[in-house]
Amino acid sequence: MLKKSLTLALALLNLLPSSKPNRFKDIFITPISDKQYISFSFIVNNPCDTEFKIYVETPGCQDTYLYRNKVYILLNFSDQFLLPKEIIFDNSCLIFMAKSNTSSSFLRFDLKVQNPLYNLNEYTTFTMEDALQYLDDRETIHYAQETLNFNNLANNLVLSRPFLPFSHISITQESNFYMDYLTFDEIVMRILDKENLFSLFKHKNNYVDIRLELEKIGQNYKLSLLDKLYVHNEKLLLSSQPKEGFVRTNYIYLPKNCTKRLFKIEIQFKNLGIQKINCKYDYNIEIKEKYFGSCSTAKHCVQIEESLNLSEKNKVEVFL
């Protein structure tokens, strides 16, 4: 009985597809939104000379070669090449070729360009069925889908807090390709600051730029500070550099003497997710009243009543 079971198990193993002995691996192709480096590897069962040709093929155009090389491979060879966005057109393909005395490989990947800068005030869901192309160990190309959802994108926020919020935004990613984390190249919060309230920051065209990152909370992603910020405890003055009297903070505070009531904010996302989405989100923050100040104009104030019952025990010093 045991002999029959082993015979059956061996027969089943022989039916399973085996890995291709000489093959490409570790190739991942996503939409191209800028000049992008493409990495690849090639493995062999036995040492051999292997010639590589990698080029872009577009109907009606001459092939554009990106990589040529001939190397002696003992076991594994890895390299990369630059793929410029400018050479990609409709129906362009990326061709990988490898040839040795004993084997050859040929791969064809469809190329897509991610051109638009999407406005999240108009589009909040992005779905692509072939967001990612990748190989298995038989050099068969597979496709992975991705859906990105942006939530809680209010155009106008009314607040009485002494800082400018950004963590209300929530992003979810759904894909049949496992990823530890939602990838991105850069996320920047841009604050229009004509009044120079953020005087300790560099300004460009009246804007202050603060870099953000993604923080995974459950199945959602929230925005958090990537740049290190520092605030003065008494003045609530913000700085991008450590200074005497300043402490680290996770909030974009407004100075106590701030009288501005409306703030225009823009958050830009570069190469977000597998789809390499470029998008921006514009919103306004209206400050209804001061956070600290007089009782007639501020949310929080201190009232002091006259009393004849004074002692050291009930003395309180208040800083505003």
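Let me begin by describing the structure that accompanies this report. Note that the coordinates shown come from a computational prediction; the quantities given were computed from them, not determined experimentally.

### Side note on empty space enclosed by the protein
Here comes step 1: Scanning the entire structure with this criterion turns up one cavity of 30 Å³ or more.
Here comes step 2: For the largest cavity, the calculated volume is near 40 Å³.
Here comes step 3: What lines the largest cavity is Ile29, Thr30, Pro31, Asp110, Leu111, Lys112, Asp130, Ala131 and Gln133.
Here comes step 4: Looking at the lining of the largest cavity, the element that brings in the most residues is strand 10 (residues 125-135), giving three residues.
Here comes step 5: Split into classes, the residues belonging to the lining of the largest cavity amount to four nonpolar, two polar and three charged.

### Examining a negative patch on the surface
Here comes step 1: On the surface, Asp34, Glu86, Asp185 and Glu186 cluster together to form a negatively charged patch.
Here comes step 2: Here Asp34 is to be found in the loop between strand 2 (28-29) and strand 3 (36-43).

### A short note on the environment of Lys204
Here comes step 1: In this fold, Lys204 is placed in the loop between strand 15 (186-192) and strand 16 (207-217).
Here comes step 2: Residues Lys204 and Leu192, spaced 12 residues apart in sequence, show a C-alpha to C-alpha distance of 9.7 Å.

### Section: the sheet that holds strand 8 (residues 104-110)
Here comes step 1: Taken together, four strands build an open sheet; the order of strands is 5-4-7-8 and the sheet is antiparallel. Where the open sheet ends on each side, the last strands, each with one partner, are strand 5 (64-73) and strand 8. Averaged over all neighbouring strand pairs, the angle between strand axes comes to 10°, with direction disregarded.

### Description of the environment of Arg108
Here comes step 1: One can find Arg108 in strand 8.
Here comes step 2: On a C-alpha basis, the gap between Arg108 and Leu94 in space is 5.8 Å, while along the polypeptide they are 14 residues apart.
Here comes step 3: Here Arg108 is in contact with Glu57, Cys93, Leu94, Ile95 and Ile141, once residues within four sequence places are set aside.
Here comes step 4: In this structure the side chain of Arg108 is engaged in a polar contact, spanning 2.3 Å, whose partner is the side chain of Glu57.

### Some remarks on the sheet that holds strand 19 (residues 238-239)
Here comes step 1: Across the sheet, which stays open at both edges, the three strands sit in the order 19-18-20 with antiparallel pairing between neighbours. Edge strands, defined here as strands with exactly one partner in the open sheet, are strand 19 and strand 20 (246-249).
Here comes step 2: Note: strand 18 (residues 229-232) against strand 19, two bridges, orientation antiparallel. Bridge pairing links Val231 to Leu238 in strand 19.

Calculation rules
Residues numbered from 1 in each chain as written. Predicted model: local features only at pLDDT ≥ 70, side-chain atom pairs only at ≥ 80, totals over all residues. Heavy atoms only, no water. 1 Å grid on protein atoms, 1.4 Å probe; cavity = no way out; pocket = protein on both sides within 12 Å on 5 of 7 lines; lining within 4 Å. Points joined across faces, edges and corners; volume = space filled by probe spheres on them. Helix = DSSP H or I, 4+ residues; strand = E, 2+ residues; numbered from the N terminus. Nonpolar A, V, L, I, M, F, W, Y, C, P; charged D, E, K, R; others polar. Patch = residues over 30% accessible without salt bridge, like charges linked within 9 Å, V, L, I, M, F, W, Y side chains within 5 Å. Areas by Shrake-Rupley, 256 points an atom, 1.4 Å probe, with all protein chains shown as cover. Salt bridge = Lys/Arg side-chain N within 4 Å of Asp/Glu carboxyl O. Lys, Arg positive; Asp, Glu negative; His and termini not counted. Charge placed at Lys NZ, Arg CZ, Asp CG, Glu CD. Pairing = 2+ DSSP bridges. Axes fitted to C-alpha atoms, helices over the stretch in contact; angles between N-to-C directions. Contact = heavy atoms within 4.5 Å. Polar contact = N/O pair within 3.5 Å; in protein donor to acceptor, adjacent residues only side chain to side chain.

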